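Take a look at the letters that make up each chain.
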Amino acid sequence: MRSLLTLFTVLLTTHAGWVLAHSQNDVVTMYNGDHITGEIRGMANGDLKIKPGYSAVIALELQNIASIDSNYNYEILTENNERLYGNISSTEKKGELQFTSIASDKVIPLLQITEIRPIEESFSDRLNYTLGANFNIEPDLQTYKIEGTVSYASKSGQTSARANVLRSNYRAINEDGDYVDNGAQTSGLFKLENERWAKFRDDYYRSFSGQYDYNDQLNNFGRISLGSGLGRYFIDSAGMRFSTLIGLQGISERSKVEPDTPLDTQNFQVFNCVGDVFDESCYDDTGLVKKTEYSAEAFLTGSFLMYSLTNVDLDINITGSVYPSLTEDDRLRARLEAAVKWEVIGDLNVKLSLASDYDSGKESANELDSLAVKTLDYSILLGLEWAP
């Protein structure tokens, strides 16, 4: 976990020192007559971010914007999944945007735009990131979760990385009436994904992903997944987005199993064991060993995002995935993530999150007498997220 924090710290401090890609001459005019001059950083989830020369980045609600003028090049995504690349400027009518490119000119209502992204020339300006910390402190349970995301956008698609680490410390009351440690639970996820926009349809995309996750409560002591799939945006309008992704993946996972052969004839890889040398360190206090197995899965993922276009900056994000096994009979995995966040100060958000994992279990681990294996694990946490 310390190396994870170091990585995100380096990314943030490095990004902060990079030079801005274009001058602060963009002009945003509000319906109340205010003019904000600065550098447009982009628009997503109903908020247009602009960096004036006299202050930090500010977020403007899209519904309050009358016009935008800029000499810079932008990528624009409309609610009918049309991607446009060119210049933007104001029109005589408020609430509209004049788009100009070599191929075409058109007028677009502002409320039909779901994303505006500067076409940056440098690697640094294509990066977006978030950092979050969640805590749940009770007398008999102390839980903390640290998470972060980094994404890199280009004309052809987007590459993103996300990571989270969760630890729960259980406590019990001893004979003297004091709380003492009574076990711990750890889980984590590290995922790298590349999305490529399809050339034949604007609402389709291809996904390639790699993931490492672990959860000792579900008898998962390290799972590596590599997969590919095809996705589609069914809804991508101002205020709402819904997409699905279907594909296949191969997995390699380590879980605890009962040893079924004598100690000197073990022939599978185990934590703390090197090569074909096996001794007492291969076993834990339950007498179990950790075995690496390989399998294949299908997956179906649905993602729903809803954000407010009013002055109350509220986002709701729900992602659910099911993983039916193709090589193990009757095995099914599932994951559900849900989050509600609202902006409190600048780029700082309060976030209420739910994460739940289900695993019906591996055939080789269903009959463990010396280890309590759960099929469902979940956490509900309240924390803060920084999203500049």
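Residues numbered from 1 in each chain as written. Predicted model: local features only at pLDDT ≥ 70, side-chain atom pairs only at ≥ 80, totals over all residues. Heavy atoms only, no water.

Caption draft 1: Representation of the nonpolar core within the structure. Membership of the largest hydrophobic core comes to 22 residues, with the highest contact counts inside it found for Val 28, Ile 65, Ile 68 and Ile 113. Secondary structure elements with two or more residues in this core: β1 (26-30), β2 (35-44), β3 (47-52), β5 (65-69), β6 (73-78), β7 (83-89), β8 (96-100) and β10 (113-118). By residue number, the principal contributor to this core is β2, which donates three residues. With sequence-adjacent residues up to four places away left out, Ile 113 is seen in contact with Met 43, Leu 62, Ile 76, Leu 77, Thr 78, Leu 97, Ile 108 and Ala 238. (Core = buried A, V, L, I, M, F, W, Y, C linked by side-chain atoms within 4.5 Å. Buried < 20%, exposed > 50% of the residue type's maximum accessible area, 1.4 Å probe, protein only. Helix = DSSP H or I, 4+ residues; strand = E, 2+ residues; numbered from the N terminus. Contact = heavy atoms within 4.5 Å.)

Caption draft 2: The environment of Ser 252, seen in detail. Along the chain, Ser 252 falls in strand β17 (residues 240-257). Between the C-alpha atoms of Ser 252 and Ser 225, which are 27 residues apart in sequence, the distance is 6.7 Å. Those residues in contact with Ser 252, other than ones at most four positions away along the chain, are Gly 222, Arg 223, Ile 224, Thr 292, Glu 293 and Tyr 294.

Caption draft 3: Up close: unusual backbone geometry. Of note in this structure, Asn 45 is not a glycine but carries a positive phi near 55°. Relative to the helices and strands, Asn 45 is located in the loop between β2 and β3. Classification of Asn 45 as partly exposed rests on a relative accessible area of 24%. Positive phi, normally seen in glycine, also occurs at Asn 219, with a value near 60°. By the secondary structure assignment, Asn 219 is in the loop between β15 (204-215) and β16 (220-237). Residue class for Asn 219 comes out buried when judged on its relative accessible area of 6%.

Caption draft 4: Molecular detail of the side chain of Thr 114. Along the chain, the position of Thr 114 falls in strand β10. Accessibility expressed as a relative area gives 2% for Thr 114, which makes it buried. Discounting chain neighbours no more than four positions away, the residues touching Thr 114 are Met 43, Ala 44, Asn 45, Leu 77, Thr 78, Glu 79, Asp 236, Ser 237, Ala 238, Arg 241 and Tyr 307.

Caption draft 5: Broad picture of the packing of aromatic side chains. Going through the model one piece at a time under the given rule, you end up with five aromatic pairs. A centroid spacing of 5.2 Å and a plane angle of 40° characterise the contact between Tyr 205 and Tyr 233, whose relative ring orientation is tilted. Of the two residues, Tyr 205 is situated in strand β15 and Tyr 233 in strand β16; the sequence distance between them amounts to 28 residues. Comparing Tyr 205 with Tyr 233 shows no difference in burial state: the two are buried. An angle of 45° between the planes, with centres 6.1 Å apart, marks the rings of Tyr 212 and Tyr 214 as tilted. Here Tyr 212 falls in the partly exposed class, since its relative accessible area comes to 33%. (Phe/Tyr/Trp six-rings, centres within 6.5 Å; stacked < 30°, edge-to-face > 60°.)

Caption draft 6: Geometry of the pattern of salt bridges. The tally for this structure, following the rule as stated, stands at 22 salt bridges. In this structure, the salt-bridge partner of Arg 223 is Asp 213, at a minimum N-O distance of 2.7 Å. Highlighted residues: Arg 223 in strand β16 and Asp 213 in strand β15, separated in sequence by ten residues. Exposure class is identical for Arg 223 and Asp 213. Each is buried. We note a salt bridge from Arg 223 to Asp 359, for which the minimum N-O separation is 3.6 Å. With a gap of 136 residues between them, Arg 223 in strand β16 and Asp 359 in strand β21 (residues 348-359) connect regions that are remote in the sequence. Just as Arg 223 is buried, Asp 359 falls in that class too. A cluster of three or more residues bridged by salt bridges with shared partners is formed by Asp 213, Arg 223, Glu 253, Glu 328, Arg 331 and Asp 359. (Salt bridge = Lys/Arg side-chain N within 4 Å of Asp/Glu carboxyl O.)

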